[in-house]
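For reference, the chains in residue letters:
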Amino acid sequence: MLTLTQIAEEPHVLTYRVHLRDGANLVLRPLTHADAESLAGFLGGLSSRSRRFSTFDGYDLATARQLCEAIARYDKLRLVLQKPSSGVIVGLFELSLAITPEDMARYRAAGVHLTEATDCRFGPTLADAYQNRGAATRAFPFVAEVVRLLGRSRLILWGGVLADNTRAIGFYEKVGFRHVGSFTGQDGTRSLDMMLDLP
Ligand SMILES: CC(C)(COP(=O)(O)OP(=O)(O)OC[C@H]1O[C@@H](n2cnc3c(N)ncnc32)[C@H](O)[C@@H]1OP(=O)(O)O)[C@@H](O)C(=O)NCCC(=O)NCCS
């Protein structure tokens, strides 16, 4: 089993090449401390639509630095999708090994018992120009393998998915997630809980 510290010490062991159907080649690998500026460029470039679907504390260099400073310090593993030629970050796949009491309560109501021994939270975000090109679908088998290496066997969506985010729901269904339930946020928006048992 791999730990977050081991991954931070040797990030190159988790490197995966992603080939898009239109011929573009990308690399998926753990976020490192050297990525702050490139990550800030990625966050700052997200459209308001993408920011509504995938919400971060901020979209600037300070936020990017916070995400880099969190490497191996808490419960998160972040993988970045990068253009190998320029180093530009075009995607962020976030995993969290912490399951919140709110997650547990919602899933319990649907008859699912979440535990930190089995479950992992997952949140993907692609740069607007890279959405709907098959990138997440092609990166996903490696993300699932990393989750396995971390000792977890199920994925749930980090904060659910907004019910009107049809592309994300299409992606989750395509890679095998099943619907567990729905909930209404404090702002009145409806979201769906989905989960995947890894093979
Ligand atoms: C959601 C997201 C991660 C998916 O990644 P992606 O690389 O765009 O997804 P893919 O192209 O691999 O797959 C999307 C699939 O959904 C399908 N799809 C697209 N729009 C759809 C729609 N409106 N309804 C149903 N399915 C749809 C596509 O057809 C595609 O399947 P196909 O390849 O068989 O045609 C990405 O679009 C993204 O970052 N969106 C903005 C942020 C976001 O919503 N994050 C998720 C928060 S829960």
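Preceding this section is the structure that the text describes.
Residues numbered from 1 in each chain as written. Predicted model: local features only at pLDDT ≥ 70, side-chain atom pairs only at ≥ 80, totals over all residues. Heavy atoms only, no water.

## Looking at the overall build of the chain
The secondary structure content of the chain amounts to seven helices and nine strands. For the chain, whose C-alpha radius of gyration is 16 Å, the value lies close to the compact-globule estimate of 16 Å for 199 residues. Dimensions along the principal axes, computed over C-alpha positions, put the chain at roughly 45 × 35 × 35 Å. Across the 199 residues in the chain, those meeting the buried criterion constitute 49%. Taking the intrachain contacts of the chain between residues at least 6 apart in sequence as the baseline, contacts between residues at least 24 apart amount to 65%. A distance of 5 Å separates the average location of the 23 positive side-chain charges in the chain from that of its 21 negative side-chain charges. (Helix = DSSP H or I, 4+ residues; strand = E, 2+ residues; numbered from the N terminus. Rg over C-alpha atoms; globule rule 2.2 N^0.38 Å. Buried < 20%, exposed > 50% of the residue type's maximum accessible area, 1.4 Å probe, protein only. Contact = heavy atoms within 4.5 Å. Lys, Arg positive; Asp, Glu negative; His and termini not counted. Charge placed at Lys NZ, Arg CZ, Asp CG, Glu CD.)

## Regarding the site of the ligand
Leu126, Asn132, Thr137, Asn165 and Lys174 are the nearest of the 23 residues found near the ligand. Between an oxygen atom of the ligand and a main-chain N or O atom of Arg133, the distance comes to 3.4 Å. The separation between an oxygen atom of the ligand and a polar side-chain atom of Asn165 is 2.7 Å. Protein coverage of the free-state accessible area of the ligand, which is 940 Å², stands at 77%. Those elements giving two or more residues to the shell around the ligand turn out to be strand S5 (119–126), helix H6 (135–149) and helix H7 (166–174). At seven residues, H7 tops the list of elements feeding residues into the shell around the ligand. (Near = heavy atom within 4 Å. Polar contact = N/O pair within 3.5 Å; in protein donor to acceptor, adjacent residues only side chain to side chain. Areas by Shrake-Rupley, 256 points an atom, 1.4 Å probe, with all protein chains shown as cover.)

## Quick word on the pairing of strand S4 (residues 89–96)
Judged by how many residues are buried, S4 sits mostly within the fold: eight of eight residues are covered. As paired elements, strand S3 (residues 76–82) and S4 share seven bridges and run antiparallel to each other. By the bridge assignment for S4, Arg78 is matched with Glu94. Here S3 hands over to S4 after six residues, with Gly87 in that stretch at a positive phi of 80°. Examined bridge by bridge, S4 and S5 share six bridges and lie antiparallel to one another. The residue bridging Leu95 from the neighbouring strand is Phe122, located in S5. (Pairing = 2+ DSSP bridges.)

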